[in-house]
Structures are given as C-alpha cells and as structure tokens.
Amino acid sequence: MTIRTTPDWAIAAQEQVERKVMDLAERVGGAFLHASVQGRYHPLASDVWTSGFWPGILLQVYRRTEATSLLKMAKAAEDELEQAFVSDLLYGLHHDIGFQFQTTAVARYKIASDPIARRRGLLATSFLMSRFNPAGNFIEAWNTEDRRGMVIIDTMMNLPLLFWAAEEFKQPRFRNVAEAHAETAVRYFVREDGSTHHIIRFDQKTGAPIEALGGQGYAPDSCWSRGQSWAVYGFPLAYRYTGVSAYLEVAKRIADNFIAALPPEYVPPWDFRVPDPSTAPRDSSAGAIAASGLLELASLLPDGAGEQYYSAAVNLLQALTTRCATWERPDQDGLLMHATGKLPANENVDVSLIYGDFYYLEALGKLAGLTETCW
Ligand code: GLY
C-alpha cells in the first residue's frame, strides 16, 4: 500500500479553509449560496441547484472540528430544503436533486445516523427516479418547455444518490436506473478521445438522440471544462459502486483527456477548446471538482497504477491554492476566486462558486487521509 504524507501547504490550506468557513457561518448560518457578487455570497431560495453545497461544507468542517454549531446549521438548512417538496419550489427542482440532498441529508446520515436524514435521502432518490425516461434510458435534466429532452453530462454526479439508495434500502431498481443512465452517457457523451459533450437533446417519446448542444461550453464540439470535470468524478464513483470495469476504463480515458488539456499553470480555462485558451477566463471550480475526482480514481486503482492521477490532483490543488485561494482577502467570502459559472450567458464570470469551494475542501480532506465523503 502506498503511504503518502500530506504536503505542508495542504495542511495550512485546510486550516485557512476552516477559519474562513467559521467566519462565513457566523454571518450567514445554514443558508443556500451560489455565486459571489463583488466578493460576497448572498442567500438564495432552497430550489437553486447549488443549495446543498454550503450546508455540505458546514458538515465537512463539522466532521473535522466537531463544532456542533455547524451541525445544527446544516440540519436547519436541510429542514428548509425538504420543504421545497411541499411548496411551489417543487417546480424548480430537477436532476440536481442529487447535488442538493447528497451533500446534506445523505452526508448527515453518514455522519450522524439520523433517521430523518435517511428518510430525506429516500425522498430525493424517488424524485430523481421519476425523471428517468425509459424510451432512451436517460434521466432528463430540466423542466421548462425549451429544455425538453435535454440530457447533460453533469448528471453523472447525481447518480451516486441512486447508487447510495440502492445499497441503503436494498433496492436494486435504483442502481438499475443509474446504470442505464451511465451507459447512455458512455455511448453518447464521451468522445473517442475522452472529451465530453455538455448537452445532448433526445426525442422524449422515442428516446432517439437529436443533436449535441454547446450548453455552458463554447460550442457543440468543444469541451466545457466543468462538464469534463463532472465526468472525471462521476465515472469513478459509478465504478466504485458497481465494479463495472467499463466505467473504470472510460473514467481513465476522461481523466487522461482532462489532464492533457490542462495549461502549464494548471487552473483550467472555462472551455478547453476556445480559440485562445491561454487568455480565456479560468474556472477554478472545474479544477477543484476534477482534483477530487482524480483522487477518487487514483484510490480505485491498484498500487502504483493511479500515480499520474494522484499527482495531477496534487498539482491542481497546489495551483488553486497559490493562484485562487482567498486567505489574504477578507473582502472575499469564497474559498477560491476565478471560477466561471455560465460564460455564454455572461453569468458569474470570474467569481467564487460555492461548489468550487465544496470540492476544493473535499479534495484537501482526501489529501489529508479522508476516505469517506458524502458520495
Ligand atoms: N451543473 C451546472 C454547472 O455545473 O454549472
């Protein structure tokens, strides 16, 4: 077994993260956050797709510090989140229910064994199951008329909710649906070279693929770096739960592509195939998600076989810490600057994104020996 020591800079970064999280928790409590505006996060309604990440950060820091105030705030957020199911906010929920409940209810159940959290995990799983379209074996992403039949690579990171529930409730049907979706993703989203499409639109009635769309990326044939990072993490998790070797093979292909596309300074551009990636806005969140995914992948490979993924993750995290971390910036609520939300809509460009913070913290934890995450 490879014995690794945690780099000093990573230990120092974790301490800085905890300090910043405690400060922000004091100001916002168990709120729902998304993107910073002039350095500040502002609370949003619970149906925003990122609503689980801040409570999830509180839980991660609780796990390390045992500060019960953080656990209470996370529980309060989860109580409010559940209410979305019995209000008009229900219409705003979609495939990202996984992000919302895995980072909150499932995470808290794993930490505190609270049966209420377990029940909420099942509720969210049932909602996610209801989005499965058997005509094409995919989970539909969104709700509005203009987005009908759209399936997106991001959903790979919502599948762990189904895999978790299959094990927790001994219900293989949850896993069957997750696997059906993952197989569709392998078939239509992952290109030969390991890059990925963001969106494929399918015919809702027949399940036939209609077209690839650029989505949050530059173009239909480009490679949106955060989409790629969702795949970098999602496929190793599918393999971890199922042991299906095809998922591991595709995970390696996707990770190899991601690593090869990184610029010399490591922080990814928002899309790897923009005309001039060297001057394009960066997306630190893609780097953070990928770092945690690469560490996951390395942990699933036999000794020595995952070394290139482990060192790429370390390089990514060190670059994020040097270039994007906010330790000396009290004017910044986020942990990482220089993230890009949705560039084609000119939305949240060069900001902090709460999920970038979440995965950065998670990946630092893995460097320090964390083996159980919410996923
Ligand atoms: N899942 C949406 C995004 O990554 O922006």
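Residues numbered from 1 in each chain as written. Predicted model: local features only at pLDDT ≥ 70, side-chain atom pairs only at ≥ 80, totals over all residues. Heavy atoms only, no water.

1. Quick look at the packing of helix α1 (residues 8–28) against helix α12 (residues 354–367)
Thinking step 1. Running from N to C, α1 and α12 point in directions that differ by 135 degrees, and their axes come no closer than 10 Å. Judged by the inter-axis angle, α1 sits oblique to α12. Judged by the twist between their axes, the crossing of α1 over α12 is left-handed. Between α1 and α12, the contacting residues are Trp9, Ala10, Ala13, Gln14 and Val17 on the first element and Tyr360, Leu361, Leu364, Gly365 and Leu367 on the second.
Thinking step 2. Each residue belonging to the contact of α1 with α12 can be placed in one class, and the counts come to 8 nonpolar, 2 polar and no charged. (Axes fitted to C-alpha atoms, helices over the stretch in contact; angles between N-to-C directions. Helix = DSSP H or I, 4+ residues; strand = E, 2+ residues; numbered from the N terminus. Parallel < 35°, antiparallel > 145°, perpendicular 65-115°, else oblique. Left-handed = near helix turned anticlockwise from the far one by under 90°. Contact = heavy atoms within 4.5 Å. Nonpolar A, V, L, I, M, F, W, Y, C, P; charged D, E, K, R; others polar.)

2. A short note on the side chain of Gln332
Thinking step 1. By the secondary structure assignment, Gln332 is in the loop between α11 (307–323) and β8 (339–342).
Thinking step 2. Of the polar contacts made by the side chain of Gln332, one reaches the side chain of Asp331; its length is 3.4 Å.
Thinking step 3. Contacts of Gln332, omitting those with residues within four sequence positions, involve Lys20, Gly39, Arg40, Thr326, Met337 and Ser352. (Polar contact = N/O pair within 3.5 Å; in protein donor to acceptor, adjacent residues only side chain to side chain.)

3. Here's the deal with the site of the ligand
Thinking step 1. Near the ligand, the surroundings consist of Trp49, Asp154, Gln216, Trp224, Arg226, Trp230 and Tyr355.
Thinking step 2. Between the ligand and Arg226 there is a distance of 2.5 Å, counted from an oxygen atom to a side-chain nitrogen or oxygen.
Thinking step 3. Within the contact set of the ligand, an oxygen atom lies 2.9 Å away from a side-chain nitrogen or oxygen of Trp230.
Thinking step 4. Look at the ligand: alone it shows 200 Å² of surface, and the protein chains cover 93% of it.
Thinking step 5. Of the residues contributing to the shell around the ligand, the split by class is 4 nonpolar, 1 polar and 2 charged. (Near = heavy atom within 4 Å. Areas by Shrake-Rupley, 256 points an atom, 1.4 Å probe, with all protein chains shown as cover.)

4. With respect to the pattern of salt bridges
Thinking step 1. Within this structure, the stated rule accounts for 23 salt bridges.
Thinking step 2. Here Asp333 and Arg40 are joined by a salt bridge, their closest N and O atoms 2.5 Å apart. Taken together, the residues Asp333 in the loop between α11 and β8 and Arg40 in strand β2 (residues 40–41) connect sequence positions 293 residues apart.
Thinking step 3. Here Arg40 falls in the partly exposed class, since its relative accessible area comes to 29%.
Thinking step 4. In the salt-bridge network here, residues are joined through shared partners; they are Lys75, Glu78, Asp79, Glu82, Arg108, Asp114, Arg119 and Arg120. (Salt bridge = Lys/Arg side-chain N within 4 Å of Asp/Glu carboxyl O. Buried < 20%, exposed > 50% of the residue type's maximum accessible area, 1.4 Å probe, protein only.)

5. A few points about the packing of aromatic side chains
Thinking step 1. Under the definition given, this model contains 27 aromatic pairs.
Thinking step 2. Ring centres of Trp49 and Trp230 lie 6.5 Å apart, and the angle between their planes is 80 degrees; on these two criteria the pair is classed as edge-to-face. Of this pair, Trp49 sits in the loop between β2 and α2 (53–65) while Trp230 sits in helix α8 (residues 225–242); the two residues are 181 residues apart in sequence, bridging distant segments of the chain. Just as Trp49 is buried, Trp230 falls in that class too.
Thinking step 3. Their ring planes at 75 degrees and their centres at 6.4 Å tell us that Tyr109 and Trp164 sit as a pair that is edge-to-face. With Tyr109 in helix α4 (residues 97–112) and Trp164 in helix α6 (residues 159–168), this residue pair connects regions lying 55 residues apart in the sequence.
Thinking step 4. Taking the relative accessible area as the measure of exposure, Trp164 reaches 5% and is therefore buried.
Thinking step 5. Three or more aromatic residues link up through ring pairs in this structure, and these residues are Trp49, Phe53, Phe99, Trp230, Tyr233, Tyr355, Phe358, Tyr359 and Trp375.
Thinking step 6. Seen from the ring of Tyr241, Arg240 lies directly overhead, with NZ or CZ sitting 4.9 Å from the centre. (Phe/Tyr/Trp six-rings, centres within 6.5 Å; stacked < 30°, edge-to-face > 60°. Lys NZ or Arg CZ within 6 Å of the ring centre and 35° of its normal.)

6. As for the environment of Arg282
Thinking step 1. As for its placement among the helices and strands, Arg282 is situated in the loop between α9 (245–261) and α10 (284–300).
Thinking step 2. Spatially, the C-alpha atom of Arg282 lies 36 Å from that of Ala117, the residues being 165 residues apart in sequence.
Thinking step 3. Once you skip the residues sitting within four places of it in the chain, Arg282 turns out to touch Pro263, Glu265, Val267, Pro268, Pro269, Trp270, Pro277, His338, Ala339 and Thr340.

7. Quick look at the nonpolar core
Thinking step 1. Of all hydrophobic cores here, the largest spans 128 residues; its most connected members are Trp54, Phe235, Tyr359 and Tyr360.
Thinking step 2. The residues touching Phe235, leaving out its near neighbours within four places in the chain, are Met156, Ala182, Ala185, Val186, Val190, Tyr247, Val250, Ala251 and Ile254.
Thinking step 3. Formed by 6 residues, the second largest nonpolar core is a distinct cluster that contains Ala141, Trp142, Ile152 and Ile199. (Core = buried A, V, L, I, M, F, W, Y, C linked by side-chain atoms within 4.5 Å.)

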